[in-house]
Number of protein chains: 2
Amino acid sequence: MLQRPRGTRDFAPEEMTARRALETRLRATVQSFGYNEIATPTFEHLELFVNKSGADITKQLYNFKDKGERDITLRPELTAPVMRFYFSDLKMRPKPLKIFYFGNCFRYERPQDGRYREFWQFGAEIIGVADKHYDNAELLNLAMSCLRASGLKGFLMRVGHVGILKAVLVSLGLGPEQQKYAMPLIDKGEYQGLEDYLKEQRLTPQDISYLLETLQQKMTLDELIEGKDALSRRLERSKDAQQALADFYEMVKLIKEMGVSPVVIDLGIARGLDYYTGMVFEVDLQELGAEKQVCGGGAYNLEELFEVKERMDATGFAIGFDRVMLGLTRQNYVFERPFLDAFVIPMSRECLTNAIKVLGQIHGSGLRGDMELAGRGMGKSIKHAEALNAGFAVIIGEDELKKGVASVKDLAKRAQEEVALDDVAAHILSKKAK
Amino acid sequence: MLQRPRGTRDFAPEEMTARRALETRLRATVQSFGYNEIATPTFEHLELFVNKSGADITKQLYNFKDKGERDITLRPELTAPVMRFYFSDLKMRPKPLKIFYFGNCFRYERPQDGRYREFWQFGAEIIGVADKHYDNAELLNLAMSCLRASGLKGFLMRVGHVGILKAVLVSLGLGPEQQKYAMPLIDKGEYQGLEDYLKEQRLTPQDISYLLETLQQKMTLDELIEGKDALSRRLERSKDAQQALADFYEMVKLIKEMGVSPVVIDLGIARGLDYYTGMVFEVDLQELGAEKQVCGGGAYNLEELFEVKERMDATGFAIGFDRVMLGLTRQNYVFERPFLDAFVIPMSRECLTNAIKVLGQIHGSGLRGDMELAGRGMGKSIKHAEALNAGFAVIIGEDELKKGVASVKDLAKRAQEEVALDDVAAHILSKKAK
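Note that the coordinates shown come from a computational prediction; the quantities given were computed from them, not determined experimentally.

Definitions and cut-offs
Residues numbered from 1 in each chain as written. Chains lettered and ligands numbered in written order. Predicted model: local features only at pLDDT ≥ 70, side-chain atom pairs only at ≥ 80, totals over all residues. Buried ≥ 20, exposed ≤ 12 C-beta atoms within 10 Å, placed from the backbone. Helix = DSSP H or I, 4+ residues; strand = E, 2+ residues; numbered from the N terminus. Pairing = 2+ DSSP bridges. Axes fitted to C-alpha atoms, helices over the stretch in contact; angles between N-to-C directions. Parallel < 35°, antiparallel > 145°, perpendicular 65-115°, else oblique. Left-handed = near helix turned anticlockwise from the far one by under 90°. Contact = placed C-beta atoms within 7 Å. Nonpolar A, V, L, I, M, F, W, Y, C, P; charged D, E, K, R; others polar. Domains from an automatic or database assignment. Core = buried A, V, L, I, M, F, W, Y, C linked by C-beta atoms within 7 Å.

**Description of the pairing of strand 12 (residues 313-320) of chain B**
All names here are of chain B.
Logical step 1: Burial runs high along strand 12: eight of the eight residues are buried.
Logical step 2: Bridging between strand 6 (residues 118-127) and strand 12 involves seven bridges; their strand directions are antiparallel. Counted as the bridge partner of Gly123 is Ala318 from strand 12.

**Section: the packing of helix 4 (residues 132-150) of chain B against helix 11 (residues 239-258) of chain B**
All names here are of chain B.
Logical step 1: At a closest axis distance of 8 Å, the pairing of helix 4 and helix 11 adopts a crossing angle of 45°. Our classification of the angle between helix 4 and helix 11 gives oblique. In the packing of helix 4 onto helix 11, the handedness of the crossing is right-handed. Residues His133, Tyr134, Asn136, Ala137, Leu140 and Asn141 of helix 4 form the contact with helix 11, whose participating residues are Asp247, Glu250, Met251, Leu254, Ile255 and Met258.
Logical step 2: Across the contact of helix 4 with helix 11, the residue classes break down as seven nonpolar, three polar and two charged.

**Some details on the domain arrangement of chain A**
Logical step 1: We note that the domain assignment places domain 1 (13-330) and domain 2 (340-433) within chain A.
Logical step 2: Computed over C-alpha atoms, the centres of domain 1 of chain A and domain 2 of chain A are 53 Å apart.

**Structural notes on unusual backbone geometry**
Logical step 1: That bond from Lys95 of chain A to Pro96 of chain A is cis: its omega, -10°, falls within 30 degrees of zero.
Logical step 2: For Pro96 of chain A, the position within the fold is in the loop between helix 3 (79-90) and strand 5 (97-106).
Logical step 3: Cis geometry is adopted by the peptide bond preceding Pro262 of chain A, which originates at Ser261 of chain A and carries an omega value of -5°.
Logical step 4: Within the fold, Pro262 of chain A resides in the loop between helix 11 (239-258) and strand 9 (263-266).
Logical step 5: Positive phi values are uncommon outside glycine, yet Arg202 of chain A reaches one of about 65°.
Logical step 6: When you line up the elements, Arg202 of chain A lands in the loop between helix 7 (191-200) and helix 8 (205-215).
Logical step 7: Here Asn389 of chain B, not a glycine, exhibits a phi torsion of approximately 60°, which is positive.
Logical step 8: In this structure, Asn389 of chain B sits in the loop between helix 14 (378-387) and strand 15 (390-396).

**Considering the sheet that holds strand 9 (residues 263-266) of chain B**
Residues and elements named next belong to chain B.
Logical step 1: Spatial strand order, 1-5-6-12-11-10-7-9-8: nine strands in an open sheet with mixed pairing. Across the chains shown, the open sheet's two edge strands, defined by having one partner strand only, are strand 1 (36-37) and strand 8 (218-219).
Logical step 2: Here strand 1 pairs with strand 5 (residues 97-106) via two bridges, running parallel. From the neighbouring strand, Glu37 faces strand 5, where its bridge partner is Phe100.

**Thoughts on the nonpolar core**
Logical step 1: Core analysis: the largest hydrophobic core is formed by 130 residues, its most contacted members being Leu140, Ala143 and Ile319 of chain A together with Ala342, Val344, Val394 and Ile396 of chain B.
Logical step 2: When neighbours within four sequence positions are excluded, Ala342 of chain B is seen to be in contact with Ile362, Leu367, Gly369, Ala390, Gly391, Phe392, Val394 and Ile428 of chain B.
Logical step 3: Val129, Leu142, Tyr276 and Ala299 of chain B belong to the second largest nonpolar core, which has 129 residues in total.

**Quick look at the pairing of strand 11 (residues 293-301) of chain A**
All names here are of chain A.
Logical step 1: For strand 11, the buried fraction is high: seven of the nine residues fall into the buried class.
Logical step 2: One ladder, built from six bridges, connects strand 10 (residues 276-284) with strand 11; its direction is antiparallel. Residue pairing in the sheet places Val283 in a bridge with Cys295 of strand 11.
Logical step 3: Where strand 11 meets strand 12 (residues 313-320), seven bridges bridge the pair, whose relative direction is antiparallel. By the bridge assignment for strand 12, Tyr300 is matched with Ala314.

Rendered as structure tokens:
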């Protein structure tokens, strides 16, 4: 028997109903903030991602040669494709350009809970920043609004600033290669590995402690706002770090005004990738364990990738759609189930013409209706209607037809009444409205 | 500059808004008929499609070896994946199982108008037929209801029956291999090629004319219903063909009762693929030229593919989503554009706190709102609001704040009024409702 490929999933009706409901809520949220949807192809030239993330990334890619010998890959993420689209077709649009996307991505990784080889990302980007403090704050507000709209509970946002972090590393005398080595260790919180590395690089014990303490600065928004001067003094070895902190402070004041919550400041957030330039953040749902990150993003700059001259700052986030679904499932979130409004049961072949008319009326009213045709008896037909999560059974037999009616049975209330054939849809609509 | 891969597309906000609107209409239509959505992975084991369509199909596939040396392919269509999912996970569900899908498919073909290397199909299937006449009729009704809901005009459904066709070929003494050669010629309407082939196969001129005339039988539903006996006499050389006609007749009476229109009977429809067993149909939009087919389907049987013992009849269709979009565009169909309800313009940095509050109020009311932050002057801000297709500009300056109001400008009517800061969202909601 043919199986689906390892690490992929099929989605049954109940799952798709839930996934579409989540998608609809996320879309409504970003649209209420004035973001418009775009889409890019499922595969891209391999070069796009190698340029962005380095050749190492091909280990995780579904890359291949197409029949024209082009190096192609299924996309592993959506920021690079969105920026490619921006530079090729959207760059003349008024700034800031606020866009969102919902798409599938592919990574060849060991399948495990919350990690699939095909997975979905829902993301938003502001390209061409108008006011970097406000735009970054808005993005954080939007990310949290999306997660709140999803129905998820108990997530926590952590916000940092790689500009501060990088300036501190520079102030300790670390060059670009050393920073490149250190940042992933910081990102993963591997402080012992970081300490060992910095010792090898002959940093003084004092400098190493200073860095480790700085990375472990965690505070509330109010603590940052009130303690800004103390933090600035801690950064006094680097004017750049102090300037980055001043920027960060302006943004933090705005997210407080916007009511973004719950948020903590965490200067140890590094994000894995080079292209982040300023504010960075992650949102975690602890109960997901190793795959706890449900959202991440920050301010970035990708223009080098596209060999364009103009500087184009952007800020964006991506929500791990499957992880949010997993979180909702773990939290026993109750999604709408697939349902029918009416299940029409013609008692015999002679009643079919009238049953077809009534069903047409039901469809024409925007109600969801289906018909019994498997020749089951009445009891089994009602059971089937219940299995389809139907609100009403509409029974049409010889007796009913003599009177020009159908017997409409409310399957929840177990109440049955006779309704004129022409009024069945209106009757169900009025009952449904109550 | 990196380009998108040849034959693929990016979709800008206007296009995505239109595509999502079409998707929403199609989904609402099939849901009103009681169909529930499923989804399958974007790639499958190559074997699935080779088994279904023959090794020749690999020429058109995006197939490759994954990093585990598995033969994988991007899906070229969705019926085989849906049936794979059915046999692995859904087969214990009550019958008939009515499902739909909306997904992207991939074919390595020469890109041209209406033909892309990544394209979308919207389809529905009934698996485990309860009453084959009714189920087939419902599918036709559903396909036409979907196309009508799309907003498209001027399409025409042609319905035939491969059971009749195959029985006629058998009655002329053609074996399985000869049928396999003849069917694609019939499908493409290459009657000259068919005639040449049948001459080579030493059919008599009389038999060849008989077949060609039968293939070219085209009639209205009423003509078939009234002329059934004459057509049956034409098929008198084959009891199987007459039985297939009798089945077809029952179904045609039902689609007439359902009001499916416009439809013609066309016995020359063969569909390319082996697995169709009975009713087959296509829907054309002439103005799309060579790529005129916007929908196609029929009754089929795929269980051999999955090495299962039980017979499982199914019937389904797929709508070429991109062709419907192309048709709507050609017909100048007016889709909703991306829009904003309100564009908030703080006149200075001092007004930002209040502007943030008003914008939060707007988002909280489910309205779409954004804010001016690029530091443009008033005139340019209003122009930007218009470029964003905003309904209202909400101006908050020092003068307004002294009075506790915002100036709310209706951008269509060019009328402006002062509204208390707390009432801005309610004001816009009430204006919008009118």
